[in-house]
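Topology and contacts: notes
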Amino acid sequence: MKLNKNYDNIEESYLFVEIAKRVDKYKAEHPGADVIRLGIGDVTLPLAPCVVDAGVKAVKEMGAAETFRGYSPDSQGYEFLREAISDYYSSFGVRVASHEIHVSDGAKSDCGNIVDMFDDKNTVLIPDPVYPVYLDSNIMSGRDVIFIDATEENGFAPLPDKKVKCDIIYLCSPNNPTGSAMTRGQLKEWVDYANGLGAVIIYDSAYEAFITDADVPRSIFAVEGARTCAVELCSFSKTAGFTGTRCGYTVVPDELCGGKFAKMWQRRQSTKYNGTSYIQQRMAWAAYSAEGVAQCRKNIAVYQRNAAVMSDALDELGIFYTGGKNSPYVWFKCPGGMGSWEFFDYLLENANVVGTPGAGFGKNGEGFFRLTAFGSEENTKKAVERIKNLLKG
């Protein structure tokens, strides 16, 4: 028996473990400290009322013989949810047919599983800083990974280098961790680049609901040519607060690889996955109803106000940042030339605020810091005032 040696090539994921260790140590030494956490990107507001009602109704259906449901008809998802997702895309002018939608338990799972579609000899292009799943899932499969630099100079939204050859491209917009959001023109450059190479873009649109600028597409399929080169991963986690409920979907257009990619993905899912539960799918369906969208948008508006509070403070302080608008993340340059972890300690000890050191997301994250807008409005305002008072002094 031989284990997969590729796992030996994965760096230890210490970022949030180290954050917790430092915070716990500080709180033990300062038991009265009011520490505010604006680090991990988990939502804090409850599910929309109509989503809860749909979940309760679905549970009751499972408790009656007449309405009980066992295995899903197939792993692709119930038609009622796929139709609702298709209508949701139509609401912002993008055509996606229900049969092109594949429901899952979340975008992270699909991101880790989509690599099964590709030969291990493919070369993968990933921006740095990076959401770790893109990198680690490909290292596990033994693929060669190359990086494109996202930096202050390009606004953490790099454009393709036509001299670089690759087979698989990962893009996330609005981006985690940097909050940067690509314009239609920028995405068009990536689409043309991928089509020219015969490459596939794995496009993570988990934060599309936070987009407000008209020139920032909410789907890569709003860009001409994307249907022949892209797969889109999306999630209800941030749109509808499903981080603990779990539901997402992947869109595979008919035109991709002449339809073969969709058949392969469906085969992969039907072989390795029994489908998302009926209860979760009914709750997701409710989130994309007219009532559900309106209720979910109230929660999103709270997070958007939080992001604006952070952005306004950084503008006042004259600190470079990306995100804040079109994104729940604010990614800013550490003041005074401090390193990411140095600033983490400085902020914790002097303002009792916890964020995420950018160095944990790659070499280009060193010297940068991430705050998230997913806290309460009260705590966000309090934390930002502390940061302003600290950095002004």
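Look a little higher up for the structure.
Keep in mind the model is a prediction, meaning the values are calculated, not measured. (Residues numbered from 1 in each chain as written. Predicted model: local features only at pLDDT ≥ 70, side-chain atom pairs only at ≥ 80, totals over all residues. Heavy atoms only, no water.)

Pairing in this open sheet of 4 strands is antiparallel, and the strands run 9-10-13-12 from one edge to the other. Two strands bound the open sheet, and with one partner strand each, they are strand 9 (321-323) and strand 12 (356-357). With 2 bridges connecting them, strand 12 and strand 13 (residues 368-372) associate as antiparallel partners. Looking at the pairing, Thr356 lines up with Arg370 of strand 13. Seen against the sheet, helix 11 (residues 340-351) touches strand 10 (329-333), strand 12 and strand 13 and runs at an angle of roughly 50° to strand 13. (Pairing = 2+ DSSP bridges. Helix = DSSP H or I, 4+ residues; strand = E, 2+ residues; numbered from the N terminus. Contact = heavy atoms within 4.5 Å. Axes fitted to C-alpha atoms, helices over the stretch in contact; angles between N-to-C directions.)

Where helix 1 (residues 15-29) contacts helix 11, the axes come no closer than 11 Å and their chain directions differ by 30°. Remark: the crossing between helix 1 and helix 11 carries right-handed chirality. On helix 11, the residues touching Leu15, Glu18, Ile19, Arg22, Val23 and Tyr26 of helix 1 are Trp341, Phe344, Asp345, Leu348 and Glu349. Of the residues assigned to the contact of helix 1 with helix 11, the class counts are 7 nonpolar, no polar and 4 charged. (Left-handed = near helix turned anticlockwise from the far one by under 90°. Nonpolar A, V, L, I, M, F, W, Y, C, P; charged D, E, K, R; others polar.)

For the rest of this paragraph, the subject is the side chain of Thr239. Following the sequence through the fold, Thr239 ends up in helix 7 (residues 237-240). With relative accessibility at 7%, the residue Thr239 sits in the buried group. Not counting chain neighbours up to four residues away, the residues in contact with Thr239 comprise Tyr88, Ala206, Glu208, Ala209, Tyr288, Cys296 and Ile300. (Buried < 20%, exposed > 50% of the residue type's maximum accessible area, 1.4 Å probe, protein only.)

Read across the sheet, 7 strands follow the order 2-8-7-6-5-3-4 without closing on themselves; strand pairing throughout is mixed. The sheet terminates laterally at strand 2 (101-104) and strand 4 (144-149), the two strands that pair on one side only. Adjacent strand axes in the sheet meet at a mean angle of 20° when their direction is disregarded. Relative to the sheet, helix 3 (residues 79-91) contacts strand 2, strand 7 (230-235) and strand 8 (248-251), its axis offset from that of strand 2 by approximately 120°. Those strands touched by helix 5 (residues 132-140) are strand 3 (123-128), strand 4, strand 5 (168-172) and strand 6 (200-204), and its axis lies near 160° from that of strand 5.

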